[in-house]
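Observations on the three-dimensional arrangement
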Amino acid sequence: MSLLTLGHGSGGRLSGDLARRIACAFAPEGPPQEMEDCALLPEGWGVTLDGFTVTPRTFPGGNLGKLAVCGAVNDLAVRGVRPRYLCLGVIAEEGFPEDELMEHMASAAEVCAELHLRLVAGDTKVVPRGTADGLFLTTCAWGTPQRPDALGMTRLRPGDVLLLTGAPGRHGATIAAARYGLDAPGLESDCAPLGALLEPLYDLPGLRCMRDCTRGGVGTALGEWAEGGGVGLEIREVDLPRSPEVEDVAQLLGLDPLYLACEGTAVVAVAPEDAPEALARLRRSLRGGASAPIGVVTDRHPRWVGLRTRAGGTRVVDLPVGELLPRIC
Amino acid sequence: MTETLEGRLGELGRVLGRRVTFMEVCGTHTVELFRTGVRSMLPREIRLISGPGCPVCVTDQRDIDAALFLARLPGVIFTTYGDMLRVPGSRGSLGDARGEGADVRVITSAAQALEGARQTPCREVVFCAVGFETTAPATAAVLLEARRQGIKNFSVLSLHKRVPPALELLASAPDLAVDGFLLPGHVGVILGEEPFRFLPEKFGVPCALAGFEAEEMAAGIAELGRQVILRAPAVRSVYPRAVRPEGNPRARSLMEEVFSPARAPWRGLGEMASSGLALREDFSPFDARRRFDLPPFPFVSTPCACGAVLSGRIDPPECPLFGTSCTPVSPVGPCMVSGEGSCAAHHRFGRGWAE
């Protein structure tokens, strides 16, 4: 009997395989080849669903409530969908402080107000002590696509430019630092709604696809694009936006920032002729000042992500497998 | 002399004028050589092979079975570094045991394990101590602290290993022609140069202690090349922090106070005298092997060629299981499990475009 492990929940290859097996149960003819962040429905809606649990529940830069709304709306924003409605599921453990629950709800409501997002349905469950870890939130967001065409990884073409809107791994490093008791002054999760940053790009004809680099980080997002889009990607280490605070934590724990989660940082693929304009618009935005072109789409090594290292060498950026674990020495 | 690293390494290759094989001994070097792209810049003349340098990878299946036995005991909190979670024993891994309900907790320092014992006095806390001379002093310090505080519910399963005996085995193997060892600088900081001197003196093999940045590893490789060209084998440090010939006396004395060298099994390499670190008699109350009266665990053979990989006899892709039945998703051997394992590093970085 095979049992699920935490690796199946880490956003890398194991997670993708599990999601595909589940999708197969519903569509025996086979799930869609590429898995995007949200579904674009024929009736003219974009919809997504996401479940949230994090330890600690409150961290520098956000909390579980804020995360739950940002995570859902960002999955819409990267496919050109403006979020309009939200459903919220709350599963809390017996004995959970109501005050803390309401803190998370207040943070969630604050993001909703900022985005004019209406909570239209919800559900609460309280389960016996010991059968859930504190508080689990599930959010379903939907809204209206702002483009006539569907953004997606199958649109990637050799020559396209890859833009990254901020330093990789800020959310993951913040959580790791809190979890392992590291003091990381200045480090804060990037948890934020992406709409204000990405909406200005929606009218660029050359916009191909976008991805918020959540579980599994930038490395996983790029790896899935290469595999799902059947193209090669080539990124340059020297051009990646950097955060010294993230790098300190990553180095201490033996983690690679490329695979640490972001919750308010996106990778954007755009045709070369629109790249300068896209970059300028991102940089003008409040949360996009650190945006940078980090690489290109190429036909040279289909399905692989290559990285040109700072030292001048090359290597592959593969999808991570399993739980991200701090190393021994 | 060219400015780029690639140019400098290429020049070294031309001066060498023949093919040489260097072995990087530390798992962190294995990963960093890939991650920084130094591997991709090596000239044809320089072949790098990976040695038994990942502490997880060299942990014997019987020792994993011992860890699993302890983790599954009722009332035990089993604390371990994260790398160990997925290493398969003969029946599952610690990660599987956790999935089945065992209380297995990932920690990042030995001190955290002791802290856990202090906070839960009614439970037995076992610390799975893995690593080479870089991590053994921390385990020793924690054991001294546990004794000082009179903590009764804390014990250690020592799987610590010593690097020099493994290098001696490799240097003396007639079928392995290693032209130089790239040694990890941080082990040198603790042990000093002395424990490695037998390599040039007895076996004529050059040694360089190097750091983990691209420039530093390249400098280590260049130092090995220099010794080969001049036929002047020695132990030289190109590590930026001072490697004193005698190492770090405080760390060494900590280790010596708590541990004594003991015969230990290494995955793929077999048992080697003095290659492990066992708790001294004074610390036997903290020795998990004695405290829980561990039975002997049988050796179960697998088709995995990890022995040949760990000794550098084959490159990971030459193992018949590599990338087919043994992948990071479903690893057969430990070298594919640990992030620092040579198979995992080759699988993660070494395929496709980079080769």
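Model, not experiment: these values are computed from the prediction.

1. Here we look at the environment of T134 of chain B
Residue and element names in this part refer to chain B. Locating T134 in the fold gives a position in the loop between β5 (124-129) and α7 (136-149). Looking at T134, the relative accessible area reads 18%, which means it is buried. Note: C-alpha distance between T134 and L5 (129 residues apart in sequence) is 29 Å.

2. Concerning the interface of chain B and chain A
Taken residue by residue, the interface counts 35 residues in chain B and 32 residues in chain A. Around 2,900 Å² of area is buried between chain B and chain A when both sides are counted, 64% of it from carbon and sulfur atoms. Counting every contact that joins chain B to chain A gives 1 salt bridge. Among the ionic pairs, R348 of chain B bridges to D256 of chain A, the shortest N-O distance being 3.5 Å. Going through the elements one at a time, α1 (5-16), α2 (27-35), α3 (38-41), α5 (94-99) and α16 (342-349) of chain B are the ones with two or more residues in the side of chain B that touches chain A. Of the residues belonging to the side of chain B that touches chain A, the class tally is 15 nonpolar, 10 polar and 10 charged.

3. Focus on α1 of chain B
Two residues of an α-helix separated by three or four positions point the same way, owing to the 3.6 residues in each turn. Residues and elements named next belong to chain B. Between the first and last C-alpha of α1 there are 16 Å, a value that for 12 residues agrees with the 16 Å anticipated at 1.5 Å per step. Within α1 the residues assigned to the buried category are L5, G7, L9, G10, L12, G13 and L16. In this structure, the buried residues of α1 make contact with β1 (20-24), α3, β2 (46-50) and α11 (214-230). Phi turns positive, to about 70 degrees, at G17, one or two residues after α1.

4. Things to note about the domain arrangement of chain A
Taken domain by domain, chain A comprises domain 1 (1-29), domain 2 (42-145) and domain 3 (153-317). Relative placement of domain 1 of chain A and domain 2 of chain A: their C-alpha centres are 23 Å apart.

5. Comments concerning the sheet that holds strand β4 (residues 103-107) of chain B
Residue and element names in this part refer to chain B. Reading across the sheet, the 4 strands line up as β4-β3-β5-β6 and stay open at both edges, with parallel pairing between neighbours. Of all the strands in the sheet, the pair left with one neighbour each is β4 and β6 (154-158). Sheet twist, expressed as the average angle between the axes of neighbouring strands with direction ignored, equals 25 degrees. With 5 bridges connecting them, β5 and β6 associate as parallel partners. Paired with C128 across the strands is L157, a residue of β6. Helix α6 (residues 110-119) rests against β3 (76-81), β4, β5 and β6 of the sheet, and its axis sits at about 170 degrees to β5.

6. Observations concerning the packing of aromatic side chains
This model, assessed by the stated rule, comprises 7 aromatic pairs over all chains. With 6.2 Å between their ring centres and 75 degrees between their planes, F198 of chain B and F203 of chain B make a pair best called edge-to-face. With relative accessibility at 26%, the residue F203 of chain B sits in the partly exposed group. Three or more aromatic residues link up through ring pairs in this structure, and these residues are W45, Y85 and W142 of chain A.

Conventions used here
- Residue numbering note: each chain is counted from 1, following its sequence as written.
- Chain labels run from A onward and ligand labels from 1 onward, assigned in the order the entries are written.
- Where totals are concerned, whole chains, interfaces and linings use all residues; where local detail is concerned, this predicted model gives features only for residues with pLDDT of at least 70, and gives and counts side-chain atom pairs only at 80 or more.
- To obtain the side-chain values, all non-hydrogen atoms of the structure were used and water was disregarded.
- We count a stretch as a helix when DSSP gives it H or I for four or more residues in a row; a strand needs E for two or more, and each element gets its number in order from the N terminus.
- Here the term buried applies to any residue with accessible area under 20% of the maximum for its type, exposed to any over 50%, and partly exposed to those in between, with areas from a 1.4 Å probe on protein chains only.
- In this description, contact between two residues means that some pair of their heavy atoms is separated by no more than 4.5 Å.
- The buried area of a pairing is the accessible area, by a 1.4 Å probe, that goes missing from both parts when the two are put together, added over both.
- Salt bridges are defined as contacts in which a side-chain nitrogen from Lys or Arg sits within 4 Å of a carboxyl oxygen from Asp or Glu.
- When residue character is reported, Ala, Val, Leu, Ile, Met, Phe, Trp, Tyr, Cys and Pro are called nonpolar, Asp, Glu, Lys and Arg charged, and the others, Gly included, polar.
- Each helix should span, by expectation, one fewer than its residue count multiplied by 1.5 Å.
- Each domain's extent was defined by an automatic or database domain assignment.
- Only strands that DSSP links by at least two bridges are regarded as paired with each other.
- Axis lines are fitted to C-alpha atoms, over the contacting stretch for helices. Their N-to-C directions set the angle, which ranges from 0 to 180 degrees.
- Stacked, tilted and edge-to-face are the three classes applied to pairs of Phe, Tyr and Trp rings, where Trp contributes its six-membered ring and a pair requires centres within 6.5 Å; stacked means planes under 30 degrees apart, edge-to-face means over 60, and tilted covers the rest.

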